[in-house]
Amino acid sequence: MADGLPSGLLEACVIVGLSHDKLKELSQSLLQVNESPLPQFDPEVIQVCAPPFVFNVSEPAVGNFSQTQLRCSFIKKKTDRPVINTGNPKDKIIEDGSVPKDLDLVALPHLCFPGGLQVTREQKVEQFHFLVFTDVFGNQSYGVVLQYYRSIQEGMLYLNGQLYTAYAICVISKHPYYNTLKDCLSSLLGQLKICQMTNMEEQVKEFSAKLALVPVPPPGQLHVMFTLQPLTIDLPSKEDKNHPVIDLDLHLPFLCFNSRELLQIIASILTEQRIVFFSSDWSKLTLIAECFMLYIRPLRWQHPLVPILSRQMLDFIMAPTAFLMGCHISHYEEVAMEADDLILINIDEGTVSCSRCHYINVPDTPQAAAQSFKSRRKGLQLHYDLEVVHQSICGDLNELRMQRRLWQHRLNLEIQNISLELIVNMFRDVRDYLSYEHRVFNTDEFLKTREPEDQPFYKKVVETQVFHSFLKERLNGKMDTFTRMERSIRTDDQKLKRSVDYSRRPTTKVMLLRGDSSENGLTKRLSTSLANLDDVKRLSVLRQMPPTKIIPKMSLITPARPVKIFQLPDLPTPFTYPNVCHYFGDLILQLKKAISATPPDDSSLLARYFYLRGLINMLNSEHLDALSDFQNLYKTDIEIFPGELVKTLVDSLHIEERVQALKRSELKRLICQVKNNEKSEYMESDDHVKKFQLPKTPMQPEEFVKYTQESGIVRDVATTQRLFEALTVDGQKQIDPEKFRAFYTFWKETEAVAQEVLLPADVLECLDNNECVYKLSSSVKTSYGVGKIAMTQKRLFLLTTGKPGYVEITKFRDIEEVKISIAPFLLLKVQSLKIKNSLRKEIFEANLKSESELWSLMIKEMWAGRMMADNHKDPQYVQQALTNVLLMDAVVGCLQTQKAVYAASKLAYYEKLRQEVPMIIPRPTAETLKHKINPSQNMTNPQSVDVLLYTPGQLTFCDSDVDRNPKLWCALSCGKVVVFDAVSWSLKQNCIHLGNSRLNCMMGLGQEQVWIGSQDSVIYIINTHSMLCHKQLTEHHREVTDFALENLSAENRLSQAQVYSCSADGTVIVWDVPSLKVKRQFHLPCDRLQSIQVHNDALWCGARDCVMKLTLNGAVLHKISLPDHMKTTASAFSRVTLLMERRQIWTSFTESAELCIWDSSDPVKPPKRVTLPNCSEVTCMIRVKKQVWIGCSGGSGLSKVVGKIFVLDSESLEVEKELEAHEDIVQTLFSAEDRYILSGSAKLDGKIAIWRVD
């Protein structure tokens, strides 16, 4: 193929056999020998057909040649070029430019005839087999080979009979279209059987030229259909860009192997063994191997893959590294004797064995995952005949093939789901052991939490390149089928716990699932305390309850995605330049009609049509039209944008074409984007994965933060810095490796011990489902009896001795006082802990002795955390307090010095706050505040909340798979968006990345889209179902600052709506929502246009220097300038809010606490003025019912609160409420159906508050 042209279905077509001269010589010599055995011959390349096949001027495309027979590796370097031998040894070897540079013509003949080329006395039935080629860079090509026989002397009879020789037609493609290319060759076969030998090469050449004109469809629901008489052939597309096209029968291995053998083969692949497949049928080798490659997706085989080895290549199996190869069954004994530790897979007999060994030295797949796989396999219907036995017989060949293809497609989907479930069940909790900030995988901790019988498997897997590549994709946040299934099987409890708790303690619900526990399950584990710390250190680290142990029941019924078929025009015959141009013209016309007939809201299908038309325009040298088609993918589905192809197209533009392109704004933008992407490719990207290792040198604070985050102990930087202070309480300025190792070991052992806590069912019934036991004391005497004090995130309770029973001590929110008292005991003074409960008269007392100080410190921290959580309506305070408590326990456990408790007190953050600042929340704030959430909970530092958006629920939506709950969208710093479920306030989607710039505005469109405007001038459109950004609008040239929606129908249908977007340079663009086309645009002369609103067929636009009322076409009707009295104190307008039912326009100003309220019917009239108390600047403003809520930065008061919200009555203009909202300025406000107000703050606080509306 010519460099730079898009790849079609065919890359090359090669004829392999015996040359004409060789056949002539053989026919004379062999026929004179009566019945002697006929020898085998070395096949030769007869012809290579490769695009381009036609030129504007007449040029020969390919020529006939014979290939020099040299033995070399079939994996060919890119720099090598095929050479052509003219047949005369004295002639110079020359290079053939028509041969694709990646095609190895030395090894190919032997792969086309892996068993050798045999001349026969009788004609044999034609056969197919399949090839996979891999270059040194890992790029793969795929081949389908047709072997058929012809008479050596057509039309001539010899006394001793006729001789037949085989020819191989090998079609090579960049895409694994095994069934499609087999169908194509089957169509060709009928023509080859009736054509003369002299015409065979021309027939193959014309066949190749036609296939080269078939475009490969992009990922998605569009298939391409074309006709090669007598067959109509369907060319399927990929399901998505991350998955290869599936054009083979995935159930073939299920027909050949039992479940046990299937799992053994999968385990051999995942542990990177040296694997050899055997079969008497060459065609099975590649197809079976490729099926297993698909079964392990998204993991990918990283080693040599040679499904077919010819006789000349058998020495490949002596390679010392991992590989997957295939041989004929006749070589089984030879291969088994030549090398050790080969996994030998006999496809014909369905067996798996090991060379020179009586047992298979491959660990079994994890038991729970394997059992689920076996159960799923039983439900498969693998036989098509049983499926259609009740149906009538169709007489149309193409209709029969279509029925069979649909059945196969459904079965393939089932098998994909079953194999994906197997992989998910094996590796779904890998993410728990990844440090995304530092790209570290904690291998040791991952292995410790596996079941004992599964550990041999995981120990081998974690060392493989297959697994390493898989970890890279997880760290890069790849949204593939694995991620989607893994998320779908998480329970609500798991989602909530994962979003707020990283301590890996079993909840009450998990303990109940384990079954009733005996008293023996309590003795050793529950007695763990400071008193017997030495015993704990002698314990091996215990296993966590692995998530793979309990396999959730999943519905694997995947609804078949509707497929659209695009029928290509008849392929040109004869194959001439004018006919090819006519074909391209017809194809472009058909695509234009298809685009016109597709409704604008079916953007996914439109994207596929634009993609195909872009390919054809590129092939037809219509470069600007091709760029325009690819540019349209930004508005329809940017996921299929062919970046490398467009880069090649841009680089190939002639000077005249480039000048024309730069005159068109959308193409100019596209060219600039391509150049920027090209520059970013030169920047080194950190794509490695490290194993966690304990430090070996002393650590400064920065290094300590890094190791603590990598270890998975603490992610928050501020908490880690307090931990550093605690561990360096002895005055050192760094932490030595031994101290960190002791701390890390104690933390992990405590975590492991907690996993073994099994409380009696009677005790579990007294706890909530999501409660976990985080700390247990030694057995002590208390005022409630003898037992062990247990701490959960909600309460303290006593686990009595003997038959363990439950006695509640107190809930943290009910504590009134905690203190330590000293009681004389004989000649000693014994410390005891006293807890006063506000709901009880009696005081709880426990003789905790040396543990009293630590327990007092921990209980006070939990008490303070609970008080702050209740006051601020923010449950994360409790979780942070719990983290502090666990760190205190670990600090005391690892230091074991007199200063240990003092060191732990450095972590009592909330207790210090309680003592320093009275926890008094003003009554209006306490009554109005409903809840607080932290959108930065999975990040190392708080992030600024720049924009908020609430999207209502979908109670009437018919699709059961769609999440109907309302959602809260939060735009954070540097282009990040997180999404919360607005019912449970649990994190639904963590970090959708939209560029690297600040996000300025968000708007929800119906139930399917969220529009987000960015400082980088792009409008990003997120699909609310997939949570992916598949569309971008790039018509703005400066940062996008605001949106406004105008419904053009009384029914508020989005199909009849338009969106106004504005940018800082004064540009306003009006968008048609269904088609995303620009209906009109205009420019406003102003200083930074920052807001736009639609009301009563008029636009209200706010800029820094003015507020304007405009017609919908942009004509200025009224203009409000900065008031004279504000020009000395404020530099510009900051916010504009409309209350048109009161004819009010509310404006605020930069660096000012003053508001001006204008009369919309008479803007010239002087405004009313309101000055907010204890406020330095208004930062945001929103209208709710008859109120106006105003966010600001606080004044110079004594309160720690910086961000305040004032609620003003729109009629009286008086302040109704002054709310203490955040510890940093209030950056954004949003109304949730006028029932709640959402406020977001800058990064020193970084939280979202939910407020009730009166």
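Look above for the structure.
What you see is a predicted model, and the numbers here were worked out from it, not measured in a lab. Residue numbers restart at each chain and count upward from 1, following the sequence in its written direction. Totals for whole chains, interfaces and linings use every residue, but because this is a predicted model, local features are given only for residues with pLDDT of at least 70 and side-chain atom pairs only at 80 or more, for both listing and counting. Computation of side-chain values: all heavy atoms of the structure, hydrogens and water removed.

## Some points on the overall build of the protein chain
Line of reasoning, step 1. Numbering of helices and strands runs from the N terminus, with a helix taken as a DSSP run of H or I at least four residues long and a strand as a DSSP run of E at least two residues long. Each helix and strand in the protein chain was counted, giving 35 helices and 56 strands.
Line of reasoning, step 2. Here the protein chain holds 1254 residues, and 56% of them are scored as buried.
Line of reasoning, step 3. Residues count as neighbours in contact if any of their non-hydrogen atoms are within 4.5 Å of one another. Restricting the contact set of the protein chain to residue pairs at least 6 apart, pairs at least 24 apart contribute 60%.
Line of reasoning, step 4. Only the protein chains shown count as cover for residues, with accessible areas throughout obtained via the Shrake-Rupley method and a probe of 1.4 Å. Element-wise, carbon and sulfur atoms account for 50% of the exposed surface of the protein chain, whose accessible area totals about 55,000 Å². Burial classes follow relative accessibility: with a 1.4 Å probe on protein chains only, a residue under 20% of its type's maximum area counts as buried, one over 50% as exposed, and anything between as partly exposed.

## Looking at the pairing of strand β33 (residues 987-993)
Line of reasoning, step 1. By the bridge criterion, four bridges tie strand β32 (residues 976-981) to β33 in an arrangement that is antiparallel. Residue pairing for β33: Val977 is matched across the bridge by Ile992.
Line of reasoning, step 2. For two strands to count as paired, DSSP must find a minimum of two bridges between them. Where β32 hands over to β33, the hairpin turn is made up of five residues, of which Trp985 adopts a positive phi near 60°.

## Quick notes on the sheet that holds strand β36 (residues 1019-1023)
Line of reasoning, step 1. Strand order across the open sheet formed by four strands is β34-β35-β36-β37, with antiparallel pairing between neighbours. Edge positions in the sheet fall to β34 (999-1005) and β37 (1028-1033), since each has one partner strand and no second. When strand polarity is set aside, the average angle formed by the axes of neighbouring strands in this sheet is 25°.
Line of reasoning, step 2. In terms of strand pairing, strand β35 (residues 1009-1014) meets β36 through five bridges, oriented antiparallel. Across the sheet, the residue bridging to Gly1013 is Ile1019, located in β36. For helices, the axis comes from a line fit to the C-alpha atoms of the stretch in contact; other axes are also lines fit to C-alpha atoms, and the angle between any two N-to-C directions lies between 0 and 180 degrees.

## Considering the environment of Ser419
Line of reasoning, step 1. Mapped onto the elements, Ser419 comes out in helix α11 (residues 397-427).
Line of reasoning, step 2. The sequence separation of Ser419 and Phe292 amounts to 127 residues, and the corresponding C-alpha distance is 9.5 Å.

## Quick notes on the environment of Gly1006
Line of reasoning, step 1. Turning to its location among the elements, Gly1006 is positioned in the loop between β34 and β35.
Line of reasoning, step 2. Given a relative accessible area of 45%, Gly1006 falls into the partly exposed group.
Line of reasoning, step 3. Separated by 18 residues in sequence, Gly1006 and Thr1024 have C-alpha atoms that sit 9.8 Å apart.

## Observations regarding the pattern of salt bridges
Line of reasoning, step 1. Think of a salt bridge as a Lys or Arg side-chain nitrogen and an Asp or Glu carboxyl oxygen that are within 4 Å of each other. Applying the stated rule across the entire model yields 51 salt bridges.
Line of reasoning, step 2. Notably, a salt bridge pairs Lys706 with Glu710, separated by 3.1 Å at the nearest N-O pair. Here the residue Lys706 and the residue Glu710 both occupy positions in helix α27 (residues 701-711), the gap between them amounting to four residues, near one helical turn.
Line of reasoning, step 3. Judged by its relative accessible area of 28%, Lys706 falls in the partly exposed class.
Line of reasoning, step 4. The salt bridge partner of Arg914 is Glu911, with a shortest N-O separation of 2.8 Å. In this pair, Arg914 and Glu911 both sit in helix α34 (residues 909-916), three residues apart, roughly one turn of the helix.

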